[in-house]
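Examining the three-dimensional arrangement
Here's the letter readout for the chains.
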Amino acid sequence: MSDEKALFCKLNTLENADKDSPVTKKHVPVITVPPVLKTGEFYDVKITVGEMEHPNENEHFIQWIEFYIGSVYLGRFDFAPVMTKPEITIPLKLSHSGLDSTLRAISRCNRHGLWEGTAQVKTE
Ligand SMILES: [Fe+2]
């Protein structure tokens, strides 16, 4: 099995992929969020795909991004190639204080499979 085909056999993350590979750098979602969130207030969570720019062509593009806190589903956005860019900003309000939680973004590339990026947040 080629390396590219093997990418479709798992959820690829910074932990299980080659961190220094351009493939990894173009696919792991990046979550930008303040590290501490006050409960009951909205904060913008920005998700982009890759610390390096990913191709955005009909033959090779990011098909969708899903957003979770832990295993709790929060949202999803589907993209058309060329005319849209795989970037989203989601207002997020948490209602429980004292949480130390992992925000997770999962994206799918039509040629390189599923990729997960995470960010830790605390609530007060
Ligand atoms: Fe890709």
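By convention here, each chain's residues receive numbers from 1 onward along its written sequence. This being a predicted model, a pLDDT of at least 70 is required before a residue's local features are given, and a value of 80 or more before pairs of side-chain atoms are given or counted; all residues contribute to the totals for chains, interfaces and linings. With hydrogens and water set aside, each side-chain value is computed from the structure's full complement of heavy atoms.

Named according to an unreviewed UniProt entry, the protein is Superoxide reductase originating from Candidatus Scalindua arabica. UniProt positions are given in the numbering used here, feature names are shortened, and annotations may be inferred rather than shown by experiment. Comment text from UniProt for the protein, heading Sequence similarities (unreviewed entry), reads "Belongs to the desulfoferrodoxin family."

Here the term donor refers to an N, O or S atom within 2.8 Å of the metal (or 3.2 Å for Na, K and Ca), and because water is left out of the atoms, sites may appear incomplete. In this structure, His-27 (NE2), His-54 (NE2), His-60 (NE2), Cys-109 (SG) and His-112 (ND1) serve as the protein donors to the iron ion, at separations of 2.1 to 2.3 Å. The motif formed by the donor residues of the iron ion, counted along the single chain, is H-x26-H-x5-H-x48-C-x2-H. Here Cys-109 lies in strand β7 (residues 100-109) and His-54 lies in the loop between β3 (42-49) and β4 (62-69), a separation of 55 residues in the sequence. The same class applies to His-54 and to Cys-109, which are both buried. A run of H or I in DSSP counts as a helix once it spans at least four residues, and a run of E counts as a strand once it spans at least two, with each numbered from the N terminus. Partly exposed describes any residue whose relative accessible area lies between the buried limit of under 20% and the exposed limit of over 50%, with all areas from a 1.4 Å probe on protein chains only and scaled to the type maximum.

So, about the sheet that holds strand β5 (residues 72-78). Across a sheet, paired strands are connected by hydrogen bonds in the backbone, their directions being either parallel or antiparallel. For two strands to be treated as a pair, DSSP must find no fewer than two bridges joining them. Strand order in the open sheet formed by 5 strands is β2-β8-β7-β4-β5, with mixed pairing between adjacent strands. If you trace the sheet from one side to the other, it starts and ends with β2 (36-37) and β5, each paired once. With 10 bridges joining them, β7 and strand β8 (residues 113-123) adopt antiparallel strand pairing. Residue pairing in the sheet places Ser-107 in a bridge with Trp-115 of β8.

Now for the sheet that holds β3. Read from one edge of the open sheet, 3 strands run β1-β3-β6, paired in antiparallel fashion. Pairing within the sheet leaves two strands with one partner each, and these edge strands are β1 (29-32) and β6 (87-93). When strand polarity is set aside, the average angle formed by the axes of neighbouring strands in this sheet is 25°. Bridging between β1 and β3 involves 4 bridges; their strand directions are antiparallel. When the sheet's bridge partners are listed, Ile-31 is paired in β3 with Ile-47. Angles run from 0 to 180 degrees between N-to-C directions of axes, and those axes are lines fitted to C-alpha atoms, restricted for helices to the stretch in contact.

A few words on the UniProt feature "domain: Desulfoferrodoxin ferrous iron-binding" (unreviewed entry) in the protein. Under the present numbering, the feature "domain: Desulfoferrodoxin ferrous iron-binding" (unreviewed entry) in UniProt falls on residues 23-117. The span residues 23-117 is 5% helix and 54% strand, and its two end C-alpha atoms sit 14 Å from each other.

Further remarks concern unusual backbone geometry. Its identity as a non-glycine residue notwithstanding, Val-82 has a phi of 70°, on the positive side. Inspection of the secondary structure puts Val-82 in the loop between β5 and β6. Judged by relative accessible area, which is 52%, Val-82 ranks as exposed.

A few words on the nonpolar core. Among buried residues, the Ala, Val, Leu, Ile, Met, Phe, Trp, Tyr and Cys ones that are joined through side-chain atoms within 4.5 Å form a nonpolar core. Ranked by size, the top nonpolar core spans 20 residues in total, and within it Ile-31, Val-33, Val-45, Ile-47, Ile-65 and Leu-103 carry the most contacts. Elements that contribute at least two residues to this core include exactly β3, β4, β6, β7 and β8. Residue contacts follow a heavy-atom distance rule, with two residues in contact if any of their heavy atoms lie within 4.5 Å. Once residues within four sequence positions are removed from consideration, Val-45 is found in contact with Ile-31, Thr-32, Val-33, Phe-67, Ile-88, Thr-89, Ile-90, Leu-92 and Leu-103.

We now examine the side chain of His-112. With respect to the secondary-structure elements, His-112 resides in the loop between β7 and β8. Here His-112 falls in the buried class, since its relative accessible area comes to 5%. A distance of 3.2 Å separates a polar atom in the side chain of His-112 from a polar atom in the side chain of His-27. Ignoring any residue separated from it by four or fewer positions in sequence, one finds His-112 in contact with Glu-4, Leu-7, Phe-8, Asn-12, Val-23, His-27 and His-60. In protein, a polar contact requires one atom able to donate a hydrogen and another able to accept it; more generally it is a pair of N or O atoms within 3.5 Å, and residues adjacent in sequence count only if both atoms are side-chain atoms.

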